[in-house]
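Examining the three-dimensional arrangement
If you want the building blocks of each chain, they are given just below.
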Amino acid sequence: MYQKYSITKPEDREHSGACPSARFLNEAKYMTGLLLQDASNQIDRVEILSQQKMMADALDNLWREVEEGSVRVQSIAVLRAAKNVSCPEIANKLKSPNIDHARVVRDLRLLINTFEYVIKPEIT
C-alpha cells in the first residue's frame, strides 16, 4: 500500500475530530517526510528532534484520552508497546550520530500502519 508523506508542517493542516489518532498520524507522516528529505539534504538535527517530540506528545495525548475513556482502541497492549517501546526506540535512533534513515523510515511506516490497521482509535 502506498502512503503519502508530507513535508508540510502538521500545524498547517486541520486535525480531523472524527479520528482520534489524526494528530499522531499527521506528526508521524511529517516525521517520515522530513527523514526522506534529510537523507538527501541534511536537514537540521534540531528540527528532526523537535518533530520527534511533537509525535511523542501526540501519542501521549492519545494515551491520556484512552485512559480517560473518551477514546477506545482495538488493542491497548499494542498502543502501550507503541508508546513505551516504538516511540522511544525511534527517538534513540534519531539521537545517534549517524541516523540510519532507511531503518527509521521503516519503523515509522510500521508504526503508522499499526495505528491505522491494528490500534484503530475511535471516539467513544
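Residues numbered from 1 in each chain as written. Predicted model: local features only at pLDDT ≥ 70, side-chain atom pairs only at ≥ 80, totals over all residues. Heavy atoms only, no water.

Quick notes on the environment of E47
- Tracing the backbone through its elements, the reader meets E47 in helix α2 (residues 45-68).
- Linking E47 and L34, residues 13 residues apart in sequence, is a C-alpha distance of 8.8 Å.
- Reaching out from E47, the side chain makes a polar contact with the side chain of Y30 at a distance of 3.5 Å. (Helix = DSSP H or I, 4+ residues; strand = E, 2+ residues; numbered from the N terminus. Polar contact = N/O pair within 3.5 Å; in protein donor to acceptor, adjacent residues only side chain to side chain.)

Looking at the packing of helix α1 (residues 22-41) against α2
- Their axes nearest at 8 Å, the elements α1 and α2 cross at an angle of 160 degrees. With respect to their mutual orientation, α1 and α2 come out roughly antiparallel. Seen from above, α1 lies across α2 with left-handed handedness. Residues R23, F24, E27, A28, Y30, M31, L34, L35 and D38 of α1 pack against E47, I48, Q51, Q52, M54, M55, D57, A58, L59 and N61 of α2.
- Each residue belonging to the contact of α1 with α2 can be placed in one class, and the counts come to 11 nonpolar, 3 polar and 5 charged. (Axes fitted to C-alpha atoms, helices over the stretch in contact; angles between N-to-C directions. Parallel < 35°, antiparallel > 145°, perpendicular 65-115°, else oblique. Left-handed = near helix turned anticlockwise from the far one by under 90°. Contact = heavy atoms within 4.5 Å. Nonpolar A, V, L, I, M, F, W, Y, C, P; charged D, E, K, R; others polar.)

Remarks on the pattern of salt bridges
- All told, the structure shown has 7 salt bridges when counted by the stated rule.
- Of the charged contacts in the structure, one is a salt bridge between K29 and E116, with a shortest N-O distance of 3.4 Å. Remark: E116 occurs in helix α4 (residues 101-119) and K29 occurs in helix α1; sequence separation between them is 87 residues.
- Notably, a salt bridge pairs E122 with R72, separated by 2.5 Å at the nearest N-O pair. Highlighted residues: E122 in strand β2 (residues 122-123) and R72 in strand β1 (residues 71-72), separated in sequence by 50 residues.
- You can call R72 partly exposed: its relative accessible area is 42%.
- What emerges from the salt-bridge pattern is a single network uniting E89, K93, R103 and D107. (Salt bridge = Lys/Arg side-chain N within 4 Å of Asp/Glu carboxyl O. Buried < 20%, exposed > 50% of the residue type's maximum accessible area, 1.4 Å probe, protein only.)

Looking at α1
- Given a rise of 1.5 Å per residue, 20 residues ought to cover 28 Å, and the 28 Å separating the end C-alpha atoms of α1 matches this to within 8%.
- Of the residues flanking the end of α1, it is Q42, one or two places downstream, whose phi is positive at about 55 degrees. (Expected span 1.5 Å × (residues − 1).)

Here we look at the environment of R45
- By the element assignment, R45 lies in helix α2.
- For R45, a relative accessible area of 28% translates into the label partly exposed.
- Spatially, the C-alpha atoms of R45 and L94 are 8.4 Å apart, while their sequence positions differ by 49 residues.
- Sequence-distant contacts of R45, that is, excluding residues within four places in its chain, are made with L94, K95, S96, P97 and I99.

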